[in-house]
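Listed below are the residues making up each chain.
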Amino acid sequence: MDFIQAALDYLLGIPPLGWGVHVGLVYKALLLLVSLLVFTAFILLADRKIWAAVQMRRGPNVVGPFGLLQSFADLLKFALKEPIIPGGADKILFLMAPLLTATLALTGWVVVPLGPGLAIADINLGILYLLAISSLGVYGVIIGGWASNSKYPFLGSLRAAAQMVSYEVSIGLVIITVLLCVGSLNLSDIVIAQQEMGLAHMIGLPQLTFLNWFWLPLFPMFVIFYISALAETNRPPFDLAEGESELVAGFMTEYSATPYMLFMLGEYISILLMCAMTTVLFLGGWTSPIDLPPFTWIPGVVWFVIKLSMVFFMFAMAKAIVPRYRYDQLMRIGWKLFLPLSLAMVIIVAFVLQLTGWGWHGGMA
């Protein structure tokens, strides 16, 4: 057994640790999974409440006090309904697609640092891992549309795939500008760099940590990342993959009950992952906005959740107030506006860093 375990560890790139360490990793993974699912339930409720408030109505307010248990009632409803599989569908792929989408979305959270040392896998290639996981998410959409054996879902899946791939290019270039400033692919290093370098240090007020965050010097890239994240996750106003008036709900047309719930769960987990990436890349991660009491008394994980919730509020407001774009408008923005602008910003940032010598040098600003 020890030989088999050592062989598996070697193949998976896991260091030769004891069984106790692996059990600890499993425990942390389960804790993160449960916490994330519960948080997603309340974020979904907040999304509906914000949308209702903009439209001057109450939103969910019946199940539980103030409607707080509405998401759990929806979960029970989806779990108890009978899933209907079309007669001509590929049943294995049809059921595998939503499971793949939800699993990949959850897997991305493994490298997200919620606080100092609070990452299940604090690997040096964390950014590349997130890019790879987000890129694989498109396969669940394509498989779901193709396996349904219907023209509408298949057309919707192709549009979704083209949309997600197009905006991944802009997201990658935005991340490059941050990596140029930090010089590391480690997500924890990106957070620490925003604590040890930046405008606050230049003006002699290092306590004003929020001035160090990359949203200020890289503001155009912050905006591009925010809009690209909306498109990457099929979030309004870019929810063209499931545009009811055009594609009869797109690639999810033939799905119901638990498989449909898994698709929606994967979508919301991916949205929260993009909010977490925004927090890490541009908003200082777990660091407090002002490095003075009482701000420093608040744990880092609480600051991380607060910032993530603020970014999600921006996502929810975009859903509530911006009309849906046409498909040609979506592609024009991605390829003719964001791609040239992000490429120009990469060149400008690299030139400025080379000329001035600014940037993070492992604790020596």
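Our structure's up above, just so we're on the same page.
Only a predicted model underlies this, so the values are computations on that prediction, with no experimental measurement involved.

Undergrad: Would you mind showing me how to read the side chain of Gln194 here?
TA: Mapped onto the elements of the fold, Gln194 is located in helix 7 (residues 187-196). At 2.7 Å, the side chain of Gln194 forms a polar contact with the backbone oxygen of Val280. Gln194 has contacts with Thr209, Asn212, Trp213, Phe214, Val280, Leu281, Phe282, Leu283 and Gly284, leaving out every residue within four places of it along the chain.

Undergrad: Looking at this structure, I do not really get the nonpolar core. What am I missing?
TA: Proteins that are soluble and globular tend to have nonpolar side chains buried together. With 64 residues, the main nonpolar core has Trp109, Ile190, Phe214, Leu218, Phe225 and Phe282 as its most contacted residues. Of all the secondary structure elements, the ones that give two or more residues to this core are helix 2 (19-54), helix 5 (126-147), helix 6 (151-182), helix 7, helix 9 (219-232), helix 11 (257-282), helix 12 (300-321) and helix 13 (327-356). Per element, the largest residue contribution to this core is 12 residues, and it comes from helix 11. Ignoring any residue separated from it by four or fewer positions in sequence, one finds Phe225 in contact with Ile171, Val174, Ile175, Met274, Met277, Thr278, Leu281 and Phe282. Within the second largest apolar cluster, 15 residues are counted, among which are Phe94, Ile143, Ala147 and Met164.

Undergrad: Before we go on, may I ask you to explain the pattern of salt bridges in this structure?
TA: Pairing is possible between side chains of opposite charge, provided their charged atoms come close. Overall, the coordinates contain 6 salt bridges when judged by the stated rule. A salt bridge links Arg235 to Asp47; the shortest N-O distance between them is 2.8 Å. Of the two residues, Arg235 sits in the loop between helix 9 and helix 10 (244-247) while Asp47 sits in helix 2, which places them 188 residues apart along the sequence. By relative accessible area, Asp47 is classed as buried at 0%. Close ionic contact of Arg332 with Asp328 constitutes a salt bridge, the shortest N to O distance being 3.3 Å. A residue pair is termed a helical-turn pair when its members lie 3 or 4 positions apart in one helix, as Arg332 and Asp328 do in helix 13 at 4 residues. Judged by its relative accessible area of 35%, Asp328 falls in the partly exposed class.

Undergrad: Would you mind going over the environment of Arg58 with me for this structure?
TA: Within the secondary structure, Arg58 is located in the loop between helix 2 and helix 3 (70-80). Judged by its relative accessible area of 67%, Arg58 is exposed. As for Arg58 and Arg48, which are separated by 10 residues in sequence, their C-alpha atoms are 9.4 Å apart. Ignoring any residue separated from it by four or fewer positions in sequence, one finds Arg58 in contact with Lys49 and Ala52.

Undergrad: Is there a simple way to explain the side chain of Glu232 in this structure?
TA: Checked against the element boundaries, Glu232 lands in helix 9. For the buried residue Glu232, which engages in no salt bridge, the nearest side chain bearing the opposite charge is Arg235, 14 Å off. Beyond its immediate stretch of four places on either side in the chain, Glu232 contacts Ser134, Met164, Tyr167, Glu168, Ile171 and Met274.

Reading guide: rules and limits
- Residues numbered from 1 in each chain as written.
- Predicted model: local features only at pLDDT ≥ 70, side-chain atom pairs only at ≥ 80, totals over all residues.
- Heavy atoms only, no water.
- Helix = DSSP H or I, 4+ residues; strand = E, 2+ residues; numbered from the N terminus.
- Polar contact = N/O pair within 3.5 Å; in protein donor to acceptor, adjacent residues only side chain to side chain.
- Contact = heavy atoms within 4.5 Å.
- Core = buried A, V, L, I, M, F, W, Y, C linked by side-chain atoms within 4.5 Å.
- Buried < 20%, exposed > 50% of the residue type's maximum accessible area, 1.4 Å probe, protein only.
- Salt bridge = Lys/Arg side-chain N within 4 Å of Asp/Glu carboxyl O.
- Lys, Arg positive; Asp, Glu negative; His and termini not counted.

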